[in-house]
Amino acid sequence: MSSQQDTNVTNLPDRTASSTTNGTTGTTNGTTEQNPRISLALVGGGIAGLCTAVSIIKHSPQIDLTIYESCASFREIGAGVAIQPNAKKALALIDPVLRTAFDKISTNSLWPSKQEYWFDIRVGIDVEGKKAGDLVHSPKCPDGQVAVHRAKFLDELVKLVPEGICQFNKRVTEITEERGEDGDFKMHLKFKDGTEAVHDGIVGCDGVKSKVRGFVAPECEPTFTGKYCYRGVIPMHQAIEVLGEEKAMNNNIYMGKHGHVSSLPIEGGKYISVTFFGNRPSWPYTDWILPTDHLAMLADLTSKNWSPFILNLIPLTSHNTIYALFDQLDNPLPTYAHNHALVIGDAAHGGTPFQGSGAGMAIEDAYVLGEILKCVTARKDLRKAFLAFNQVRKERTQAQVRTGRESGHFWAGDDGEVGFGDWEIMRGYMDTRMRWIWDVDLEWAVRVGRVFMGVDEA
Ligand SMILES: Cc1cc2nc3c(=O)[nH]c(=O)nc-3n(C[C@H](O)[C@H](O)[C@H](O)COP(=O)(O)OP(=O)(O)OC[C@H]3O[C@@H](n4cnc5c(N)ncnc54)[C@H](O)[C@@H]3O)c2cc1C
């Protein structure tokens, strides 16, 4: 299945060609007599699912959309999520209204003098030549990295999705396909509540434990990366007492031995979102997110020599959880598409959070898929559309998984080649390692996808 589908596009379009237009023809609702409406299901209503829904609703009137979400409502767990310039760009491309709403709820470093920098990178332990808290480097991030409270971001997305499109408490448990006499595929979904549904196509946006992935690319389960983290949100005034204004109010990474800590202001500076990362050899539990408490966190992080100012943050965090970090690096998907089924977001390329880019890649996926789906005018086009998506998205998103793992080792001082003391080399790495993620031409990817679909000429 995979090798055939992974065909290369040999004739690529001119990078200077004009941007995409809606590829549909026919009536204003996008359908013609020959090409009846297309019913598409999105499995999962997280960032990937909702951003894709916003794009389809806005740009593809020929598609009848249903979102199946396993929870009782849309919800995001956890605290802040960093959004890089590439993802901000993708939000605007999906819908300028979405970008405007996002800009209102997102927060950069609070000091204007810090806003052109990605993070202030400091040591969080005493090392030769540097005291805990000392600045190592401030890599620039020209278009500004911001952070947003996850639940608030989801609220903004939900506002753009009409009521009735989403069905809640619908956990997909089984997926099968059937080929009709006309050659078109039908996708059959079974749910935990015993009900069933049939659609022309499905897009698995169901996260790192995806069910749809098992259908598209069997036996590609994520594996434990040897990394875990604790996350928390701390009121700004308390964070300032512990960290001081400069560190509390701006984006910071603290490098340690076999771990690192990141902190970002969120909600206009009312809180900071803080994450403590560490290493452990295995994860023997079925659940990947487990409750923990301050005592356990303190015992763990004290043994790793973190400076008192880092440890003093722990009692200020609430709703404490430990996250095991899994990714697809050891079992990459040979393809994201199989006939009329596709996976995107963490379902396709779940990675570690060390580049703050998993959600960003999901947003990029949503933009590119939304644009490609504009070209779908008949049910049978779904297969080509999903293959086109695979063609233009797989390499970049799998590179994010790989470099994410590498970044985890780098920030934890476990790189093997570069370590504490190699400050000049480290600064060079810090300046360059995110560039390929930020500097992306997503409209170019869409143009290649349209050529692959046969809508445009190369
Ligand atoms: C600790 C941590 C920190 C992170 N920090 C950042 C960051 O700063 N920046 C960044 O860009 N990324 C970050 N990420 C990554 C980011 O959270 C993910 O990449 C992003 O949330 C993926 O979105 P998604 O919609 O693909 O999946 P999810 O957010 O996992 O959404 C999946 C949805 O599908 C539903 N679902 C699951 N199974 C089924 C089923 N069988 N049937 C129906 N519905 C189902 C779920 O309920 C959920 O709503 C971080 C990740 C972690 C773990």
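Residues numbered from 1 in each chain as written. Predicted model: local features only at pLDDT ≥ 70, side-chain atom pairs only at ≥ 80, totals over all residues. Heavy atoms only, no water.

## A few points about the overall build of the protein chain
Part 1: Counting its secondary structure elements, the protein chain contains 16 helices and 19 strands.
Part 2: In terms of overall size, the protein chain behaves like a compact globule, its C-alpha atoms giving a radius of gyration of 22 Å where 458 residues would be expected to give roughly 23 Å.
Part 3: Counting only C-alpha atoms, the protein chain reaches 70 × 50 × 40 Å along its principal axes.
Part 4: Buried residues in the protein chain amount to 58% of all 458 residues.
Part 5: Restricting the contact set of the protein chain to residue pairs at least 6 apart, pairs at least 24 apart contribute 77%.
Part 6: Per element, the accessible surface of the protein chain, about 18,700 Å² overall, is 49% carbon and sulfur.
Part 7: Considering the protein chain, the positive charge centre built from 47 side chains and the negative charge centre built from 56 side chains are found 2 Å apart. (Helix = DSSP H or I, 4+ residues; strand = E, 2+ residues; numbered from the N terminus. Rg over C-alpha atoms; globule rule 2.2 N^0.38 Å. Buried < 20%, exposed > 50% of the residue type's maximum accessible area, 1.4 Å probe, protein only. Contact = heavy atoms within 4.5 Å. Areas by Shrake-Rupley, 256 points an atom, 1.4 Å probe, with all protein chains shown as cover. Lys, Arg positive; Asp, Glu negative; His and termini not counted. Charge placed at Lys NZ, Arg CZ, Asp CG, Glu CD.)

## Focus on helix α7 (residues 236-243)
Part 1: Within α7, burial applies to M236, A239 and L243. Buried residues of α7 fall within an arc of 60° about the axis and therefore sit on the same side. α7 presents H237 and E241 as exposed residues on the side facing more than 90 degrees away from its buried surface.
Part 2: Contacts made by the buried residues of α7 are with β12 (223-235), α8 (245-249), β13 (252-255), β14 (259-266), β15 (271-279) and α10 (308-311).
Part 3: Positioned one or two residues after α7, G244 has a phi angle of 85°, which is positive. (Arc of directions from axis to C-beta.)

## Quick look at the sheet that holds strand β9 (residues 185-191)
Part 1: In space, the three strands of this open sheet follow the order β8-β9-β10, with antiparallel pairing throughout. Edge positions in the sheet fall to β8 (172-179) and β10 (196-199), since each has one partner strand and no second. Averaged over all neighbouring strand pairs, the angle between strand axes comes to 20°, with direction disregarded.
Part 2: As defined by bridge partners, β8 adjoins β9 across seven bridges and the pair is classed as antiparallel. Note that in β9 the partner of E177 across the bridge is M187. (Pairing = 2+ DSSP bridges. Axes fitted to C-alpha atoms, helices over the stretch in contact; angles between N-to-C directions.)

## Considering the nonpolar core
Part 1: Membership of the largest hydrophobic core comes to 83 residues, with the highest contact counts inside it found for I363, L373 and F386.
Part 2: Among the elements that line this core, the one with the most residues is helix α12 (residues 358-373), at nine residues.
Part 3: With near-sequence residues (within four places) excluded, I363 lies in contact with I47, C51, I83, A87, A90, L91, I94 and F153.
Part 4: Counting residues in each nonpolar core, the second largest holds 52 residues, with W118, V261, L311 and W438 among its members. (Core = buried A, V, L, I, M, F, W, Y, C linked by side-chain atoms within 4.5 Å.)

## Focus on the site of the ligand
Part 1: Contacts to the ligand come from 32 residues, most closely from E69, A82, R150, D346 and A359.
Part 2: A distance of 3.2 Å is found between an oxygen atom of the ligand and a backbone nitrogen or oxygen belonging to G358.
Part 3: One of the backbone nitrogen or oxygen atoms of G360 is found 3.2 Å away from an oxygen atom of the ligand.
Part 4: If the ligand stood free it would expose 1,000 Å²; the protein chains cover 85% of that surface. (Near = heavy atom within 4 Å. Polar contact = N/O pair within 3.5 Å; in protein donor to acceptor, adjacent residues only side chain to side chain.)

## Regarding the pattern of salt bridges
Two side chains bearing opposite charge may form a pair once their charged atoms approach each other closely.
Part 1: Across all of its chains, the model carries 26 salt bridges by this definition.
Part 2: In this structure, R393 engages D365 in a salt bridge whose closest nitrogen and oxygen atoms are separated by 2.7 Å. Here D365 lies in helix α12 and R393 lies in helix α13 (residues 381-411), a separation of 28 residues in the sequence.
Part 3: Taking relative accessible area as the criterion, R393 reaches 1% and is therefore assigned buried.
Part 4: The salt bridge partner of E406 is R402, with a shortest N-O separation of 4.0 Å. Taken together, the residues E406 and R402, both in helix α13 and four residues apart, mark about one turn of the helix.
Part 5: Overlapping salt bridges bring together K114, D120, R122 and E246 as one network. (Salt bridge = Lys/Arg side-chain N within 4 Å of Asp/Glu carboxyl O.)

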